Structures are given as C-alpha cells and as structure tokens.
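# Understanding the architecture of this molecule
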Amino acid sequence: MAVIIASVEPGSPAQRAGVAAGMGLISINGQPIRDVLDYRFYMTDPLLDLRLETEQGPKEVRVRKAEYDDLGLAFDTYLMDRQHHCRNKCIFCFVDQLPRGLRDTLYFKDDDSRMSFLFGSYVTLTNQTEEDIRRIIKMHISPINISVHTTNPRLRVEMLGNPRSGEVLDYIPMLTEAGIQVNTQLVLCPGVNDGPELRRSLHDLARYAPNLQSIALVPVGLTCHRDGLHPLRPLTGDEARDILDLSEEFNRELVENGGRRLAFAADELVYSATLRQWMTHSGIDIAASKGTEVYAVWGGTVDAVYEDDALGVTVEISHSDGLRTTYANLAAEPPVKEGQRVNANAPIGQIGATALAECADPSHLHFEIHKDGKAVDPLDYVLLIEG
C-alpha cells in the first residue's frame, strides 16, 4: 500500500526528478515503504529508483543525490502510518489512573518500537513479531528501550495482562546478540515483582550485557483514580531500603567481576527527608559545608544559570562527547553566566541552601551528569575523594 506524499521540498532531489505532492510512495529500490523507518533506511543511497502511485497509474522515477542526503519528501504524520496502540492491561498502568475529562491524547496508550527509537519511549514488545525483530536488527535500530518489569514469564503475563508477555522476553537476547543496545525498566509493585522476583530479574538481565545498557528501577506511581483496578499500594520505607540494598549489592557484584553498574542513578529510589517520601533522584548529593567553593569537573560552556523550584540555584555546563553537568543547591548569584567558557576546576559557585526540595538534608551539592540528554550515574564518570 502506497504512503501518500503530503509535500515535496522545493529544489530537493525528489522535486527535480518530478515527484509531486499527492503521489503515493510504493517502494525505493524495490523495497516496500511502510513507515518512516523504511523510508529513512532505504533513501540513503545516492541512486534511487522510486515506484510511485499516480492518478494515471504506477510510475517509476530515478533520483540521483549525494549519499545520505534527504529526498525532500514530507508525509502526513512523522511515522507515515498509525501509531501502534498498546495491547496490554498492565496492573500499574498510569493512563488507567487518569481522571475523566482530560484531552483525548492523554488517554492514548502507545507501545511502538519506532517511538522508542525516535523519541526514547519504552515498549513491552508484545506488539512485535519475529519479523519485526529481524527488521530492527537488519536496520540496526538502536537503542531500544524495553519495559520488562519482570523476567519471570508467568508473572509478566499476570502483570501485563497479555498472554504474549512471557514469550516475547526471548526477543531481548535476539536483539542484544545482534548488537542492538537495550535499556530496560522495571516498575516495582510491592509484593508483586520486588524481593526475590527483583533479584531474579536483575541477574537474568545482566546476562545480556554489555549490549544491555541499563536497568531502571521505577517505583510504581499511583493516583487516587484507581476504582476497579488491581489493588496496589506504594512502597514502604523498609521496602524501598531493601530495593536500594539489593541494587547496590547487584552493582557491586557486577563491578567486582569486571562489569559495570546496570541498576543505577537515573531512577534510583531515594528518601526525601524534606518531602517525607520515597522518590526518584537523577544525580548524587555530595556532602559539603555551606559556602564551600564548587568547581567545574571538566572544561565546557555554561548552558544555563537559573533557580529551579525544587533544586534551587543551578548551573548547567555542556562538554564534549554529549556530556552535560548540573550543579544545584548553590548560593545566590554564582560567578558565571550563560554562554561563558570555563576550564576544568574553574570556580562556578558556592554551596548554598536554596534547594527547597532538599532543605531538610545536610548541607550538600546536588550533582548530575547527562549523556546525550539522558541521566547517567555520576560515579561512572568522576571519582569522589573525601577530604
């Protein structure tokens, strides 16, 4: 089935070859085009034979362009077809917990591997077939973010409410063995997939490293709109501490055996003494007295200086290799400004007490590192020395 072309960029290779809006794109170099992934993958060659559907019937045109240059075609939607709807009935689904009367788009449950690659969303794989997995491998669509929740096939069927939930776990080693990088998450529901089940899931997933890149431990999010849904409750403090202990033991074992941390900072559970609840924490807090000088860990450019509602006075610095560091809970009026170039070890502020969300904690610097826009564990990048 042809994908209708919505517009053609003026002066583009496609326009020069006679392609016009309203035509349907059937194939490129004999390869059927179903969606944006097909289009992006097969349009990179410098010589392309396009098969088009027109009012007069099928038409073939040849396009010459520089390798990797865009053809210049635009379509009605970024996916070039409909977004894949979730077929699961997860016991913790946040969409099911929304109040009525919101805009329709908030109630749409997506479970689309293309969205995972393009926008970083997580998928359960229950929409995928082996053919879909082979296509991901052929196109080397990487990374893929997968909502695993448990590696126990029977329990996964119960948690996701989909009979395919257990069998599709076999797709994970297919992907990692083919060189596809995979990030995973486990939404932790007390009494369901924590404790021994969590230990099993962590060790099962570790077998797929190094291409399995991370295991995010996410506390179940609950609202007051749960009438008729599976009975769940938040994690208690003791349960959260057990999860932290287990994940730290797991990471330590990996490092001692020559590996790297997998279950770490991006969604680690941290107790907020200020808010009196267990929550996620995207960095680390480094104990230091108020007024202590804070220095840039690497050279870079100051991206932003601002006061965050929760973390207080904040300085963000971009570095090479897609890295960005964030320094928060600083004193007012840090001595740097947006756009300023700073060297490694340059002073960028002092420890303050401006983080309202952490004001009950001892004096500290809140420090984060992001790699390509995603939070990573700072301890994988810097060495902290007491003194």
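Attention here is on the structure that accompanies the text. (Residues numbered from 1 in each chain as written. Predicted model: local features only at pLDDT ≥ 70, side-chain atom pairs only at ≥ 80, totals over all residues. Heavy atoms only, no water.)

### Looking at the sheet that holds strand β7 (residues 144–147)
The sheet built from 3 strands is open, its strands ordered β7-β8-β9 with parallel pairing. The two strands at the open ends of the sheet, each matched to only one other strand, are β7 and β9 (212–219). With direction set aside, neighbouring strand axes in the sheet form an average angle of 20°. Taken together, the 4 bridges between β7 and strand β8 (residues 182–188) define a ladder with parallel strand orientation. The residue bridging Ser147 from the neighbouring strand is Gln185, located in β8. Packing against the sheet, helix α7 (residues 195–206) makes contact with β8 and β9, and its axis sits at approximately 180° to β8. (Pairing = 2+ DSSP bridges. Helix = DSSP H or I, 4+ residues; strand = E, 2+ residues; numbered from the N terminus. Axes fitted to C-alpha atoms, helices over the stretch in contact; angles between N-to-C directions. Contact = heavy atoms within 4.5 Å.)

### Digging into helix α8 (residues 237–256)
Taking 1.5 Å per residue as the helical rise, α8 with its 20 residues ought to reach 28 Å, and the 28 Å between its terminal C-alpha atoms agrees with that figure. Listed in full, the buried residues belonging to α8 are Glu239, Ala240, Ile243, Leu246, Ser247, Phe250, Asn251 and Leu254. Projection of α8 onto a plane perpendicular to its axis shows the buried side chains occupying an angular sector of 130°, all on one side. Projecting away from the buried face of α8 at angles above 90 degrees are the exposed residues Asp238, Asp242, Asp245 and Glu256. Positive phi shows up at Gly258, right after α8, with a value of about 90°. (Expected span 1.5 Å × (residues − 1). Buried < 20%, exposed > 50% of the residue type's maximum accessible area, 1.4 Å probe, protein only. Arc of directions from axis to C-beta.)

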